[in-house]
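# Survey of secondary and tertiary structure
Listed below are the residues making up each chain.
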Amino acid sequence: MRIGIGNTIPERVSLPGQSGGISTPNEFIFEVNAAIGNTIDLTTRNDGASADFIINWGEGSDETINAATASHTYSSSGTKVIKINKAGTNTPVNDFNVLATNEGRSMVTKISNWGNTEWYKLRDGFNACTNLTVIESASQLLTASNASLLFYNTFRNCTGLTVADMSNWATNNVKWYLRGTFQGCTNVSLVKAPSSRVIPANFFGSADANAFTNSPFRYVGSNVTGGATFEFEGLDFTQMSYAYITYAFANTRINGNTSSFSNWKFSSSIDRLTSLFYQAVVVGTNSTLDCSGWTTFQGRYFNSTFRGVTGSAGISLDISNLNVSNIINMALLMGHSSSENRFRSIIGLSTWGATGGGVNMDSAFARMSYLRLTADDNFSDAFMNSLSPTTVASAFKQIGYNLSSPYGEPPNLASLDMSNSSSLNSMFFNSRFSSLPDFTNVTLPTSAADFNSFMRGIVTNSVIPHLDFSNKTFKPNNLSRAFETFRSANKITFPSGSNSDFSSLTNISYAFNNAGSGSAELEVVLPTDANYGSITSWVNTFNSLNGPGTGTLTTCVGDTLIRRLHATSLNANQQSLNLGTTKLTASPSVVDSNVIALETAGWTITSNSTDAAMPFVYTIPLIAGTSTTPTGSFTGGTFSSSNSNIAVNATTGEINTPNAGNTTIRYTLSDGCYNEQAIVVNLPLVQINNVYSMEFDGLNDYIDCGTGSRFDIDQITISSWVNLSNSITSTLVIAGIRNTNNGSICYHLQNQGASRKFRFVIMQEDGTYVDAVANDIHQYNTWYHVVGVADGSNVKLYVNGVLQTDAPAYDGTIASPNENFNIGRQPSNPLYYWSGKIDEVAVFNTGLTAYEVLSIYNATEVVSGVNKTADLDDLTTPPIAWYRMGD
């Protein structure tokens, strides 16, 4: 007898229901329900070649076939028992399927015996046999060691099948190919694993882009109210060499009260459990999808594993003791872009150990809209501290979104290190928690990252006083809608200084839109020293920022916002800023002038009519040496002055000062809210008489005026009257200041050596000099009014009110000084002492206009030896210093 590949010698065994004394060949037997004229077509191969076998079609005598296909048309109706590989077979069929041609697939009703053949391939064996209702398990299904695509679509779309029984399938090799095997068996209510629990598969699912279309159990139980019971506890995949177990239970309807997928054993080669339960449905009262005890999983990819699982109310997921040590990808673990995940609890999060870091957490727990985390069922410190995620975009988006208060605990963030995360986009968007997540020990990204919708719409049972990021590194490239409708804190503080880098930030639109509420007024503290120059969109950033009781932001918070915005955002972007119903303090106030300044810079600011909560008014301008008291309504607060040289009475607000200058008078209430008014204190009438000028001997006479931040400025005007002695050949300095670190002047007004031309020179931050020189030689023993101006664009020199022709450009910077401001000499070697008289030295922290320079000249000029008296009301900016030189 010839024996084909994979063939075994037929044995004589007892069939079920027969006495032990009667034996028949162990044949492959299945039944069909035939009508007269029905035709069934079969693939009948032996490991790729034509088989040489004997078949009985259930009517008439046996037939010998030596071909790749076989066909039979029935001449009678009724149940027909088809027997293949009957006694006398030379090369048995071990590559078989019922073809889709003719009526064959709809005729099959039962599989009675698998025979003693080791099956090489059952691809599409009974695919779409919709009337197949029974697969007897009395005989063992043997598989060949060289099997190919063995169970690919074998029972796919067998909608009449109610039990998917693999309990008697032999597991003697690793060639199972479970792909689409029972997919579409929508009426199956029980799935039985091999009795050995071994799944000797070289494929379990698919690695294709649309892998779910090849899920071995997709849609199993879909039409069964109670779902299918999966007896899958303790499955053994240790013989599996393929890296993927993917989409195996996609869209499956699972009875969570009677099924178990716990304590699986994995081979070290299994790297992915991707989309394992993709959009599965778990049913049953308070049921659990039990996937506990996956301690031997060593793979890296655990992404989309439970993505979009839905089902009955109250379902839980038990994922206790999962081995996460090698996982690098948890993206979309629970989340789904178009459907929510309905797990209400996750058992065993606290049992997870540490990962190796660098984990992709994109949408990992997103859209778990019914989840209530508890103190016990929350992330372990070990797990959270190890993540070092590459992204946490949407990681906890919409957790608890469909719940009613009280909500569950927030995720335990422990010491989560997000320094390498590129995106926090929608991280907590529309989530519901008992309180805000604790960021105390969390590290934010150290490179520019996306914060779009970061905490947008988050809702909590309690409101914290302060969400404080001030000690974090904060480097956003997008803050669009980051805190839109945020009402879970009364204050948000962002860091400043080196921790804050806004240079990559382009979009801040709607960032705080409709944030705050009647019970949770929100104050936003943006860094005042950040670079906002890259922002291209401020649309509705602070629109309808709410405050208590009124549905609008209180004046206190609105004022603070405008002050900070003005301090940070005067740039050339000319943004539209909609403050909606936010209230602001009315004029006169710094807030009002800040709004005007923003609008002057090109901004379009939309806000409610102003609401002066603490109005007070001083007469402007004030005159040094006189006193004034504010008028208005103010009680219970304290007055203070920003300039220590211009004191204010803390209780009454009275100002009485001999000093000129700028200050801001602030009135502060006990709760920290304040109003303020910018004050200009001008000098009284100005006089000059050369009798009272100071004379310098050119050897060692000078005046040290001290130093301070007021002399460290990038725009400056120095005004002075000077009278030069005879026979001077060297450079002489009228007034100026230096930086000895680079051995250079910062700015000096001087006589240019023997040329007897006045000169004003500055040094830029880059160390280069820019100067302006007088047109003409000046005379000895003659009074001249000399003014040097650096206005941010040009360096200019005026002599007796006339602009000299040399007005070169500079870059807008002046080197910072570290020495004192001196009159009559250069502060360091060479000293360049002045020889002659100096009077009325004034220093301004801005570049005066030609008109203002002429006003000083006219007001201080000596006419025929008689003092000319005038005031300087035409000066819009008072000097930061004016040295009278003795009068």
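Residues numbered from 1 in each chain as written. Predicted model: local features only at pLDDT ≥ 70, side-chain atom pairs only at ≥ 80, totals over all residues. Heavy atoms only, no water.

## Comments concerning the overall build of the protein chain
Put simply, the test is: Numbering of helices and strands starts at the N terminus; helices are DSSP runs of H or I of at least 4 residues and strands are runs of E of at least 2. Residue burial is assigned from relative accessible area. The probe radius is 1.4 Å, only protein chains are included, and a residue is buried under 20% of its type maximum, exposed over 50%, and partly exposed in between. Note on contacts: a residue pair qualifies if any of its non-hydrogen atoms lie within 4.5 Å across the two residues. Using a 1.4 Å probe, the Shrake-Rupley method yields the accessible areas, and only the shown protein chains count as cover for residues.
Helix and strand counts for the protein chain stand at five helices and 56 strands. Looking at the protein chain residue by residue over its 887 residues, the buried ones come to 56%. In the protein chain, the share of contacts with a sequence separation of at least 24, taken over all contacts with a separation of at least 6, comes to 80%. As presented, the protein chain carries roughly 32,400 Å² of accessible surface, and 45% of it is formed by carbon and sulfur atoms.

## Concerning the packing of aromatic side chains
Stated precisely, the cut-off is as follows: When two rings of Phe, Tyr or Trp (its six-membered ring) have centres within 6.5 Å they constitute a pair, described as stacked for plane angles under 30 degrees, edge-to-face for angles over 60, and tilted for the intermediate range. Think of it as a cone above the ring: NZ of Lys or CZ of Arg counts as a charge over the ring if it is within 6 Å of the ring centre and within 35 degrees of the ring normal.
Under the criterion given, the structure shown has 82 aromatic pairs. Looking at arginine 272, its charged tip hangs above the ring of tyrosine 301, at a distance of 3.9 Å from the centre. Sitting above the plane of the tyrosine 510 ring, arginine 481 keeps its charged end 4.2 Å from the centroid.

## Some points on the pairing of strand β41 (residues 674-682)
Where we set the bar: Strand pairing requires that DSSP identify at least two bridges connecting the strands.
Among the nine residues that make up β41, seven are buried, leaving the element largely enclosed by the rest of the structure. Two strands pair when backbone bridges link them, and strand β35 (residues 622-623) and β41 are joined in this way by two bridges, in the parallel orientation. If you follow leucine 622 over to β41, its bridge partner there is valine 681. As paired strands, strand β40 (residues 661-668) and β41 are joined by eight bridges and run antiparallel to one another. Of the residues in β41, the one forming a bridge with threonine 664 is alanine 678. Connecting β40 to the next strand, β41, in antiparallel fashion are five residues, including glycine 672 with a positive phi near 95°.

## Quick look at the environment of glycine 221
In this fold, glycine 221 is placed in the loop between β15 (201-204) and β16 (229-231). With relative accessibility at 0%, the residue glycine 221 sits in the buried group. Note: C-alpha distance between glycine 221 and glutamine 183 (38 residues apart in sequence) is 9.9 Å. Not counting residues within four places of it along the chain, the set of residues in contact with glycine 221 comprises Cys185, Thr186, Val188, Gly227, Ala228 and Arg253.

## Here we look at the sheet that holds strand β22 (residues 310-311)
Ordered in space as β18-β20-β22, the three strands form an open sheet in which the pairing is parallel. Every interior strand has two partners, whereas the edge strands, β18 (253-255) and β22, have only one. Judged from the two bridges that link them, strand β20 (residues 281-283) and β22 form a sheet pairing that is parallel. Bridge pairing links valine 282 to glycine 311 in β22.

## Observations concerning the nonpolar core
Here is the rule: The criterion is simple. A nonpolar core is a set of buried Ala, Val, Leu, Ile, Met, Phe, Trp, Tyr and Cys residues joined through side-chain atoms within 4.5 Å.
Ranked by internal contacts, the top residues of the largest apolar core, which has 159 residues, are Phe30, Phe126, Phe277, Phe306 and Phe365. Excluding its chain neighbours within four sequence positions, the residues that come into contact with phenylalanine 30 are Ile40, Leu42, Lys80, Val81, Ile82, Ile84, Phe96, Val108, Lys110, Ile111, Ser112 and Phe126.

## Observations regarding a negative patch on the surface
We count it as follows: Excluding any residue in a salt bridge, patches collect residues exceeding 30% relative accessible area, merging like charges within 9 Å and nonpolar Val, Leu, Ile, Met, Phe, Trp and Tyr side chains within 5 Å. Every case where a carboxyl oxygen of Asp or Glu lies within 4 Å of a side-chain nitrogen of Lys or Arg is listed as a salt bridge. As used throughout, the charge tally considers Lys and Arg to be positive and Asp and Glu to be negative, leaving His and the chain termini uncounted. To locate a charge, the coordinates of NZ of Lys, CZ of Arg, CG of Asp or CD of Glu are taken.
On the surface, a cluster of negative charge is made up of Asp712, Asp714, Glu765, Asp766 and Asp811. Examined against the element boundaries, aspartate 714 turns out to sit in the loop between β43 (703-704) and β44 (716-724). Residue classification places aspartate 714 among the partly exposed positions, given a relative accessible area of 35%.

## Let's talk about the pattern of salt bridges
Considering all chains together, one arrives at 14 salt bridges under this definition. Between arginine 564 and glutamate 523 there is a salt bridge, with its nearest N and O atoms 3.0 Å apart. Note that arginine 564 is positioned in helix α3 (residues 555-569) and glutamate 523 in strand β31 (residues 523-525), a separation of 41 residues in sequence. A salt bridge links aspartate 771 to arginine 759; the shortest N-O distance between them is 2.7 Å. In this pair, aspartate 771 is assigned in strand β48 (residues 769-773) and arginine 759 in strand β47 (residues 758-763), connecting sequence segments 12 residues apart. Look at aspartate 771 and you get partly exposed, because its relative accessible area is 24%. Residues joined in a network through salt bridges with shared partners are Asp559, Arg563, Arg666 and Glu676.

## Section: α3
The test is simple: What a helix should span is 1.5 Å times the count of its residues minus one.
The terminal C-alpha atoms of α3, which comprises 15 residues, lie 20 Å apart, in line with the 21 Å expected from a rise of 1.5 Å per residue. Of all 15 residues in α3, 13 are buried; the element is thus mostly enclosed.

## Re the sheet that holds strand β24 (residues 345-347)
Our working rule: Here, axes are lines fitted to C-alpha atoms. For helices the fit covers the stretch in contact, and angles between N-to-C directions go from 0 to 180 degrees.
A sheet is described by the order of its strands in space; here three strands give the open sequence β21-β23-β24, paired in parallel fashion. What marks the edges here is a single partner per strand, and that holds for β21 (288-290) and β24. Averaged over all neighbouring strand pairs, the angle between strand axes comes to 15°, with direction disregarded. Here strand β23 (residues 316-318) pairs with β24 via three bridges, running parallel. Each bridged residue has a counterpart across the sheet, and for serine 316 the counterpart in β24 is serine 345.

## A few points about the confidence of the model for the protein chain
In regions of low pLDDT, the predicted coordinates are not meant to be interpreted in detail. Heads up, the condition is: Every residue gets a pLDDT, meaning the predictor's confidence in that residue, from 0 to 100.
Per-chain confidence: the protein chain averages 87 in pLDDT, with 90% of residues scoring 70 or above. Considering only residues more than four positions removed or in separate chains, one finds that residues 685-690, a stretch of pLDDT under 50, has 25 contacts. Taken as a whole, residues 862-871 scores under 50 in pLDDT and shows 17 contacts with residues more than four places along the chain or in a different chain.

## What about the packing of α3 against helix α4 (residues 590-600)?
The condition that has to hold: Working rule for angles: under 35 degrees goes down as roughly parallel, over 145 as roughly antiparallel, 65 to 115 as roughly perpendicular, anything else as oblique. Take the far helix as the reference: if the near one is turned anticlockwise from it by less than a right angle, the crossing is left-handed, and if turned clockwise, right-handed. Ten residues, namely Ala, Val, Leu, Ile, Met, Phe, Trp, Tyr, Cys and Pro, are considered nonpolar, four, namely Asp, Glu, Lys and Arg, are considered charged, and the remaining ones, Gly among them, are considered polar.
One can describe the packing of α3 onto α4 by two numbers: an axis separation of 9 Å at closest approach and a directional angle of 45°. Our classification of the angle between α3 and α4 gives oblique. The way α3 lies across α4 gives a crossing that is left-handed. Residue-level inspection shows Asp559, Ile562, Arg563, Leu565 and His566 of α3 in contact with α4, the latter providing Val591, Asn594, Val595, Ala597 and Leu598. Here the residues of the contact of α3 with α4 are counted per class, giving six nonpolar, two polar and two charged.

## Notes on the side chain of threonine 541
Note the cut-off: What qualifies as a polar contact is a pair of N or O atoms within 3.5 Å, subject to a donor-acceptor requirement within protein and to the restriction that residues adjacent in sequence count only when both atoms come from side chains.
Tracing the sequence through the fold places threonine 541 in the loop between β31 and α3. A polar contact of 2.7 Å, which involves the side chain of threonine 541, links it to the backbone oxygen of tryptophan 538.

## Observations concerning α4
Where we set the bar: To be clear, the arc concerns the directions from the helix axis to the C-beta atoms.
Inspection of α4 places Val590, Val591, Asn594, Val595 and Leu598 among the buried residues, and these make up the whole buried set. When α4 is viewed along its axis, its buried side chains cluster within an angular range of 140° and face the same direction. Elements in contact with the buried residues of α4: α3, β33 (604-606), β40 and β41. Trailing α4 by a residue or two, glycine 602 shows a phi angle of about 110°, which is positive.

## Describing the state of the cysteines
Here is the rule: Working definition: a disulfide is two cysteine sulfur atoms within 2.5 Å of each other.
In total, this model carries zero disulfides according to the counting rule given. Sulfur of cysteine 185: no disulfide; nearest cysteine sulfur belongs to cysteine 158 and is 5.1 Å away. Exposure remark for cysteine 185: the relative accessible area of 0% places this residue in the buried category.

## Looking at the environment of threonine 600
Locating threonine 600 in the fold gives a position in helix α4. For threonine 600, a relative accessible area of 65% translates into the label exposed. Separated by 30 residues in sequence, threonine 600 and leucine 570 place their C-alpha atoms 9.8 Å apart.

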